[in-house]
Amino acid sequence: MSGVNPYQAPQARVDDVAEQGQDFVLAERSTRLGATLLDVAMLMVPGIAAAVSLPSLMAGQGVSASQSMSWVMVAGGIVMLGLFITNLIFWHRYGQTIGKRILKIKIVRSDGSRAGLRRIFFMRYMVPGLVGNIPVAGVVFSLVNVLMIFRESRKCLHDNIADTLVIKA
């Protein structure tokens, strides 16, 4: 016998044709995580600051607690709308969120070409967001989505759906 197990799994390596001969460098997993954390922090910090400071500022002016909470919600909505519009502009112009821009990474198509706003917004964010809101299955989908980054290609499931990569800018 030649020492080869006839029952072992095949050892073939399969590469995507589009990923051969590319001139860009994939973003590190930690950099992608950092960009996401920056984007989330940009939403949370102003919201927490408004929730903590506005009620106490308004209490001194004789405003009721329910009115001050209404103002907190309005302020939070304005911040969220501003960040959303800024991210739309950055996605369109640079293929980046604010966090990705700070950490110098960007979203491109798998062939390295520019990823348009519709592809980024709808395919990378809306489709996974909608599927992620399905009871039970959405939790599994969301978990699988982010865990797929540990593959050799460093692509999450939403990258596969949108045919995108995150690269160093």
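Each value, and the rule that gives it
- Residues numbered from 1 in each chain as written.
- Predicted model: local features only at pLDDT ≥ 70, side-chain atom pairs only at ≥ 80, totals over all residues.
- Heavy atoms only, no water.
- Helix = DSSP H or I, 4+ residues; strand = E, 2+ residues; numbered from the N terminus.
- Buried < 20%, exposed > 50% of the residue type's maximum accessible area, 1.4 Å probe, protein only.
- Contact = heavy atoms within 4.5 Å.
- Areas by Shrake-Rupley, 256 points an atom, 1.4 Å probe, with all protein chains shown as cover.
- Lys, Arg positive; Asp, Glu negative; His and termini not counted.
- Charge placed at Lys NZ, Arg CZ, Asp CG, Glu CD.
- Core = buried A, V, L, I, M, F, W, Y, C linked by side-chain atoms within 4.5 Å.
- Salt bridge = Lys/Arg side-chain N within 4 Å of Asp/Glu carboxyl O.

A.B. asks: Mind showing me how you'd approach the overall build of the chain here?
C.D. replies: A count of helices and strands for the chain gives six helices and two strands. Secondary structure elements of the chain occur, N-terminal to C-terminal, as α-α-α-β-α-α-α-β. Considering only C-alpha atoms, the chain reaches an extent of 90 × 35 × 25 Å along its principal axes. Residues classed as buried in the chain amount to 27% of the 169 residues present. Restricting to contacts in the chain with at least 6 residues of sequence separation, those with at least 24 account for 66%. Of the roughly 11000 Å² of accessible surface on the chain, a fraction of 67% belongs to carbon and sulfur atoms. Charged side chains of the chain number 17 positive and 10 negative; the gap between the two group centres comes to 8 Å.

A.B. asks: I would appreciate a short explanation of the nonpolar core in the present structure.
C.D. replies: Grouped burial of nonpolar side chains is what soluble globular proteins tend to show. Counting residues in hydrophobic clusters, the biggest one holds nine residues: Ala27, Ala35, Trp91, Ile105, Ile107, Ala115, Ile120, Phe121 and Val166. Contributing elements (two or more residues each) for this core: strand E1 (105-109) and helix H4 (117-132). Among all residues touching Ile105, those that are not within four sequence positions of it are Ala27, Thr31, Arg32, Ala35, Gln96, Lys100, Val166, Ile167, Lys168 and Ala169.

A.B. asks: How do you make sense of the pattern of salt bridges when you look at a structure like this?
C.D. replies: A pair can form between side chains of opposite charge whenever their charged atoms are brought close. Enumeration over the complete set of coordinates arrives at four salt bridges. A salt bridge links Asp163 to Arg109; its shortest N-O distance comes to 3.0 Å. In this pair, Asp163 is assigned in the loop between helix H6 (157-162) and strand E2 (164-168) and Arg109 in strand E1, connecting sequence segments 54 residues apart. The partly exposed category is assigned to Arg109, whose relative accessible area is 23%. As a salt-bridge pair, Asp159 and Arg124 come within 2.2 Å of each other at their nearest N and O atoms. With a gap of 35 residues between them, Asp159 in helix H6 and Arg124 in helix H4 connect regions that are remote in the sequence. You'll find Asp159 and Arg124 in the same group, each marked buried. Put simply, Arg32, Arg124 and Asp159 are held in one network by salt bridges that share partners.

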